[in-house]
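The chain contents come next:
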Amino acid sequence: GAGVSQSPSNKVTEKGKDVELRCDPISGHTALYWYRQRLGQGLEFLIYFQGNSAPDKSGLPSDRFSAERTGESVSTLTIQRTQQEDSAVYLCASSRQSGTINYEQFFGPGTRLTVL
Amino acid sequence: RKEVEQDPGPFNVPEGATVAFNCTYSNSASQSFFWYRQDCRKEPKLLMSVYSSGNEDGRFTAQLNRASQYISLLIRDSKLSDSATYLCVVNIAGTYKYIFGTGTRLKVLA
């Protein structure tokens, strides 16, 4: 079946502009995660969605970052007034959950964001 | 102390060698364990889940030691294509968060 897809694959923007990144999870995966990975660094958790529950936004680095998800489908991550330090790869992952069991995460190919 | 720790490497090994990575975790409530590989400028891809009894997939063997709180990955007969960063990932029971190690870099040399 189809994996996690993300768009755009690359985004170059000017400092101060807003950007919107999109993630399509695997069908049937109720959990969706956004991560940020700076060059040569590890994964940094940003936000988590699970079904219709309130999202965990504890990893968002500032109020310029926001994300939405409608039900168990597409999610968008929006970065307002982009700064150069926002340059990174933004990865989306989805997984199944059953009760308290968390299954493997599957990642999309990421969006490489460059802020000039 | 980091929640999940890995030796960053790099591990430089010749083709055909056997190489092992360890990963230690600090939370005894850790429930699910995974190894991912990440190629340069690519997304992490699931290599294997790690089960309590240990599991093997071809040249790859994963082990879990709950008493000592570590997991291991053994790669036999290394191939050039095994060159990548290997990420250890831990999920804490009752939570949805996956804790990622910073990865161990492997270079298999011809």
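For the structure, see preceding data.
Residues numbered from 1 in each chain as written. Chains lettered and ligands numbered in written order. Predicted model: local features only at pLDDT ≥ 70, side-chain atom pairs only at ≥ 80, totals over all residues. Heavy atoms only, no water.

1. Describing the sheet that holds strand β7 (residues 60-65) of chain B
Residues and elements named next belong to chain B.
Okay, step 1: Across the sheet, five strands lie side by side as β1-β3-β8-β7-β6; this open sheet has antiparallel pairing. Of all the strands in the sheet, the pair left with one neighbour each is β1 (4-6) and β6 (55-57). Along the sheet, successive strands turn relative to each other by an average axial angle of 20°, direction set aside.
Okay, step 2: Bridge analysis of β6 against β7 gives three bridges, and the strand direction is antiparallel. Bridging from a neighbouring strand, asparagine 55 pairs with alanine 62 of β7. (Pairing = 2+ DSSP bridges. Helix = DSSP H or I, 4+ residues; strand = E, 2+ residues; numbered from the N terminus. Axes fitted to C-alpha atoms, helices over the stretch in contact; angles between N-to-C directions.)

2. Focus: the side chain of Ser32(B)
Okay, step 1: Within the fold, Ser32(B) resides in strand β4 (residues 30-38).
Okay, step 2: The residues touching Ser32(B), leaving out its near neighbours within four places in the chain, are Asn102(A), Val89(B), Val90(B) and Asn91(B). (Contact = heavy atoms within 4.5 Å.)

3. Topic: the interface of chain A and chain B
Okay, step 1: In this assembly, 23 residues from chain A lie in contact with 18 residues from chain B.
Okay, step 2: Between chain A and chain B, the buried area comes to about 1700 Å², and carbon and sulfur atoms account for 53% of it.
Okay, step 3: If you look at where chain A meets chain B, you find one salt bridge.
Okay, step 4: The salt bridge partner of Lys97(B) is Asp56(A), with a shortest N-O separation of 3.9 Å.
Okay, step 5: Across the chain A-chain B interface, the total number found is seven residue pairs in polar contact (both at pLDDT 80 or more). (Buried area = accessible area lost by both parts, 1.4 Å probe. Salt bridge = Lys/Arg side-chain N within 4 Å of Asp/Glu carboxyl O. Polar contact = N/O pair within 3.5 Å; in protein donor to acceptor, adjacent residues only side chain to side chain.)

Interpretation in functional terms is not warranted from these geometric data alone.
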